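Chains, contacts and geometry: an overview
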Amino acid sequence: MSEVFIGIDPGYAITGYGVISKEGNKYSVIDYGVISTKPEMVFEERLLAINTKIAFLLDMHKPDYMAVEELFLGQNKTTAIGTAQARGVVIVEAARKNIPVYEFTPGQIKLAVTGYGKADKNQVSQMVKSILHLDEIPKPDDACDGLAVALCLANTGVKFAERAVSGYQYGRYGKREWI
């Protein structure tokens, strides 16, 4: 029996996604691409566009599981906040459809796909191509990243993966406390 995984590389300008199936140790690509929003769009309309497309993809592919990349908070906090909001609308849509959501850091994704947690983008892309038996590296990069996120969960297995808790919430980094 095959399982279907959708991987999400969140962003409010570009959200990458990849949908794969796994039967035993065999992987197949079902779909991949990006959801793009234009900078001149009002922000709430950008989030709505992402949500609408994710809802469509979840209805079309009926994944068993969703994996999302955990946010990396670099120098640009404004971009991180917008990306977090885009990630939120994706997770909410999965919750509406009762799809369990798992999250991975960039290092965990690199490790699961390449065997090296500090692999560069080219190494990850080459391994995505190889593992999924593709003729070429999926483009654009965000779509390839979505496939890598899906592969990470498929390789890790849901028994060993962390459910999405946003990393800053109770349970991940310390004692559970209800606010």
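Preceding this section is the structure that the text describes.
To keep things clear, this report deals only with the structure shown in the data block. (Residues numbered from 1 in each chain as written. Predicted model: local features only at pLDDT ≥ 70, side-chain atom pairs only at ≥ 80, totals over all residues. Heavy atoms only, no water.)

**Some remarks on helix α4 (residues 121–131)**
Listing the buried residues of α4 in full gives Val124, Ser125, Val128 and Ile131. All buried residues of α4 project into a common sector of 135 degrees when viewed along the axis, lining one side. With a side-chain oxygen lying 3.1 Å from the backbone nitrogen of asparagine 122, the N-terminal cap of α4 falls on aspartate 120. (Buried < 20%, exposed > 50% of the residue type's maximum accessible area, 1.4 Å probe, protein only. Helix = DSSP H or I, 4+ residues; strand = E, 2+ residues; numbered from the N terminus. Arc of directions from axis to C-beta. Polar contact = N/O pair within 3.5 Å; in protein donor to acceptor, adjacent residues only side chain to side chain.)

**Side note on the sheet that holds strand β4 (residues 65–69)**
Read across the open sheet, the five strands follow the order β3-β2-β1-β4-β5; overall the sheet is mixed. Of all the strands in the sheet, just β3 (26–36) and β5 (101–104) have a single pairing partner and so form its edges. Strand-to-strand twist across the sheet, computed as the mean angle between neighbouring axes with direction ignored, equals 20 degrees. As judged from the ten bridges shared by strand β2 (residues 14–23) and β3, these two strands associate in the antiparallel manner. Counterpart to serine 21 in the pairing with β3 is serine 28. Contacting β1 (3–9), β2, β3 and β4, helix α1 (residues 43–61) crosses the sheet at an angle of about 155 degrees to β3. (Pairing = 2+ DSSP bridges. Axes fitted to C-alpha atoms, helices over the stretch in contact; angles between N-to-C directions. Contact = heavy atoms within 4.5 Å.)

**Considerations on the pattern of salt bridges**
Inspection of the entire model under this criterion finds six salt bridges. With a shortest N-O distance of 2.3 Å, arginine 87 and glutamate 103 are connected by a salt bridge. With arginine 87 in helix α2 (residues 77–96) and glutamate 103 in strand β5, this residue pair connects regions lying 16 residues apart in the sequence. Of the two residues, arginine 87 and glutamate 103, both sit in the buried class. Here glutamate 93 makes a salt bridge to lysine 97, at a shortest N to O gap of 3.2 Å. (Salt bridge = Lys/Arg side-chain N within 4 Å of Asp/Glu carboxyl O.)

**Brief notes about the nonpolar core**
Core analysis: the largest hydrophobic core is formed by 25 residues, its most contacted members being Ile20, Phe104, Val113, Val128, Leu151 and Leu153. Elements represented by at least two residues in this core include exactly β4, β5, α3 (106–114), α4 and α5 (141–156). Considering every element that reaches this core, the biggest residue donor is α5, with nine residues. Dropping the residues within four chain positions of it, valine 128 is found in contact with Val113, Leu134, Pro138, Cys144, Leu147, Ala148 and Leu151. (Core = buried A, V, L, I, M, F, W, Y, C linked by side-chain atoms within 4.5 Å.)

**Quick look at the packing of α3 against α4**
At a minimum axis distance of 9 Å, the contact between α3 and α4 shows a crossing angle of 45 degrees. The orientation of α3 relative to α4 falls into the category oblique. The two elements α3 and α4 cross, and the hand of that crossing is left-handed. Across from Lys110, Val113 and Thr114 in α3, the residues of α4 making contact are Gln123, Val124, Met127, Val128 and Ile131. Partitioning the contact of α3 with α4 into residue classes produces five nonpolar, two polar and one charged. (Parallel < 35°, antiparallel > 145°, perpendicular 65-115°, else oblique. Left-handed = near helix turned anticlockwise from the far one by under 90°. Nonpolar A, V, L, I, M, F, W, Y, C, P; charged D, E, K, R; others polar.)

**Notes on the packing of aromatic side chains**
Going through the model one piece at a time under the given rule, you end up with three aromatic pairs. When the ring of tyrosine 65 is compared with that of tyrosine 102, the centres are 6.2 Å apart and the planes differ by 65 degrees; the resulting orientation is edge-to-face. Of this pair, tyrosine 65 sits in strand β4 while tyrosine 102 sits in strand β5, and the two are 37 residues apart along the sequence. One aromatic cluster is present, built from ring pairs that chain together Phe5, Tyr65 and Tyr102. The positively charged end of arginine 163 is found above the aromatic ring belonging to tyrosine 102, 5.3 Å away from the centroid. (Phe/Tyr/Trp six-rings, centres within 6.5 Å; stacked < 30°, edge-to-face > 60°. Lys NZ or Arg CZ within 6 Å of the ring centre and 35° of its normal.)

**Describing the environment of aspartate 142**
Position of aspartate 142 relative to the elements: it lies in helix α5. Look past the residues within four positions of aspartate 142 in its chain and what remains in contact with it is Asp9, Ile14, Gly16, Tyr17 and Val34.

**Overview of unusual backbone geometry**
Most of the time, phi is negative for any residue but glycine, and the peptide bond is trans. The linkage connecting lysine 139 with the following residue, proline 140, adopts the cis geometry, with an omega of -5 degrees. You can see proline 140 is positioned in the loop between α4 and α5. The phi dihedral of lysine 62 falls on the positive side, at around 45 degrees, and the residue is not glycine. Structurally, lysine 62 can be placed in the loop between α1 and β4. A positive phi angle is found at histidine 133, which is not glycine, with a value near 55 degrees. If you trace the backbone, histidine 133 turns up in the loop between α4 and α5.

Everything listed here is a matter of coordinates, which is why it stays silent on function.
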